[in-house]
Each structure stands twice: as C-alpha cells, then as structure tokens.
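# Descriptive structure summary
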Amino acid sequence: MPQPRTVCWIPLWNDAQPGVGIEHLLLCDGRADGVVIAVDEEAGPFRLTYRLDWDESWRLREATLSLIDDEGGALRAMQLKTDGSGHWQDGAGRVLAELDGCLDIDIWPTPFTNSFPIRRVPLAVGERREFRMAWVDGTALTVRPQAQAYTRLDERLYRFESLNGSGFEAELPVDEDLLVLDYPGLFRRHRD
C-alpha cells in the first residue's frame, strides 16, 4: 500500500439501529488512523479513535485508542506497546503478562484489524492457522487475550473463527490489500 488510502465501513451489528454510524480509516504504509462513530446496544452512542503503528512485516508496535461514550461523555484513553514478539506493555511501561504470546491486535468494533494476521502470515488456499490475539473491546477500553483462527478459502476469501467457545464464524471477502470488504451481519464496506 504505497499510497495513502481511505476506507469506510458502515456498522450493522446493532439490530435496533442497523447502518447507523460509520468508520473512517486513513491507511498509510505502517500506520492507520481510524474513527468509529456508532451506537452500541449496551453502551449507547460512542466515538472511538485509534492509531496503530506496525513494522514492514505487519507486526504491531503501538496502539493508541480513545473513547468518548454515553457514560458522562468523558474522554478515556488506552495505549499499548509491543515488541512484535509477543511482549506487551501499557502506556506507562507496565508489563501486560496476560498478553504474552499475542502477536496481533483485534479491536472491536472495526474490521480493519482482521487484516493483521492474514497480512503477517500469508496462507495458502485451504490452509488454517490459529492466532493468539490482544483483543480490545473499544466500547469499554479493555484488553484480554483471545484465540482465533483464519482459513484461506479462496484467493480473496477467509474464514474467521473465534476460539473462545462461542462458535462464532464468518466468511470474510477481502480486497487486493487484504482489507475486509464485508463482514456478514457486522460491517459493510462503503463504496462510492
């Protein structure tokens, strides 16, 4: 992705208000700046911003998130740093041992972070790999480890599996840059 690129997704996950909100992502080589404005079923309206920096191998180095929600409208922030080898710290330099072994980040609610494992570890068609993710709930600014799997079904189609016992799976079509086009029931890419 040599040229800066703008990508937008429409959130569909709120059954009471499908299509209300937008994610706007500015993507450059090694950096992403995103903002999600939406309505969560439980948390209400919120504005999540995130900035991610990674190396040439798509190994995350830093994540900075901020959230303004319906809970008083106060700004809350989170910063995560990683060495790209599975060791994490918060913004104050405290070690986050519970994230040991996580190489990638998965931020809810954005489909962008699904690109990290499939960009970092190219899969052959039919190949399946499991990943330990630093899973961030952007509507609460919490982080925890979560096991996930990706299977490459076709040239530009992947199956995502959450391995947390929920049984959640989704088939994710991607574009030429391995960015999710549509995430059934959760996100739809805005097309001009």
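Here the structure is shown first, and the text comes after it.
Remember, it's a predicted structure, so these values are computed and weren't measured experimentally. (Residues numbered from 1 in each chain as written. Predicted model: local features only at pLDDT ≥ 70, side-chain atom pairs only at ≥ 80, totals over all residues. Heavy atoms only, no water.)

Attention shifts here to the state of the cysteines. By the definition in use, this model includes zero disulfides. Residue Cys 28 stays outside any disulfide, its sulfur separated by 14 Å from that of Cys 8, the closest cysteine. Judged by relative accessible area, Cys 28 falls into the partly exposed class, the value being 30%. (Disulfide = S-S within 2.5 Å. Buried < 20%, exposed > 50% of the residue type's maximum accessible area, 1.4 Å probe, protein only.)

It is worth spelling out the nonpolar core at this point. One recurring pattern in soluble globular proteins: nonpolar side chains tend to sit buried together. Core analysis: the largest hydrophobic core is formed by 48 residues, its most contacted members being Leu 52, Leu 65, Trp 88 and Phe 112. Sort the elements by how many residues they give to this core and strand S4 (residues 44-54) lands first, with five residues. (Core = buried A, V, L, I, M, F, W, Y, C linked by side-chain atoms within 4.5 Å. Helix = DSSP H or I, 4+ residues; strand = E, 2+ residues; numbered from the N terminus.)

So, on to the sheet that holds strand S3 (residues 31-40). Spatial ordering of the open sheet is given by S7-S6-S5-S4-S3-S2-S1-S14-S13, a layout of nine strands whose pairing is antiparallel. Bordering the open sheet on either side are strand S7 (88-90) and strand S13 (182-183), each of which pairs with just one other strand. Two strands pair when backbone bridges link them, and S4 and strand S5 (residues 60-69) are joined in this way by nine bridges, in the antiparallel orientation. Bridge pairing links Leu 52 to Ala 63 in S5. (Pairing = 2+ DSSP bridges.)

Following Trp 108, the chain continues to Pro 109 via a peptide bond in cis, the omega torsion being 10°. Even without being glycine, Leu 141 reaches a positive phi, approximately 55°. Along the chain, Leu 141 falls in the loop between strand S9 (128-137) and strand S10 (142-154). Classification of Leu 141 by relative accessible area gives buried; the value is 12%.

Ordered by their spatial adjacency, five strands build an open sheet running S8-S9-S10-S11-S12, and the pairing between neighbours is mixed. The sheet is open, and its two borders are formed by strand S8 (104-108) and strand S12 (169-173), each paired with just one other strand. Across the sheet, the mean angle from the axis of one strand to that of its neighbour is 35°, orientation sign disregarded. Inspection of the sheet shows S8 paired to S9 by five bridges, in the parallel sense. Counted as the bridge partner of Asp 104 is Met 133 from S9. (Axes fitted to C-alpha atoms, helices over the stretch in contact; angles between N-to-C directions.)

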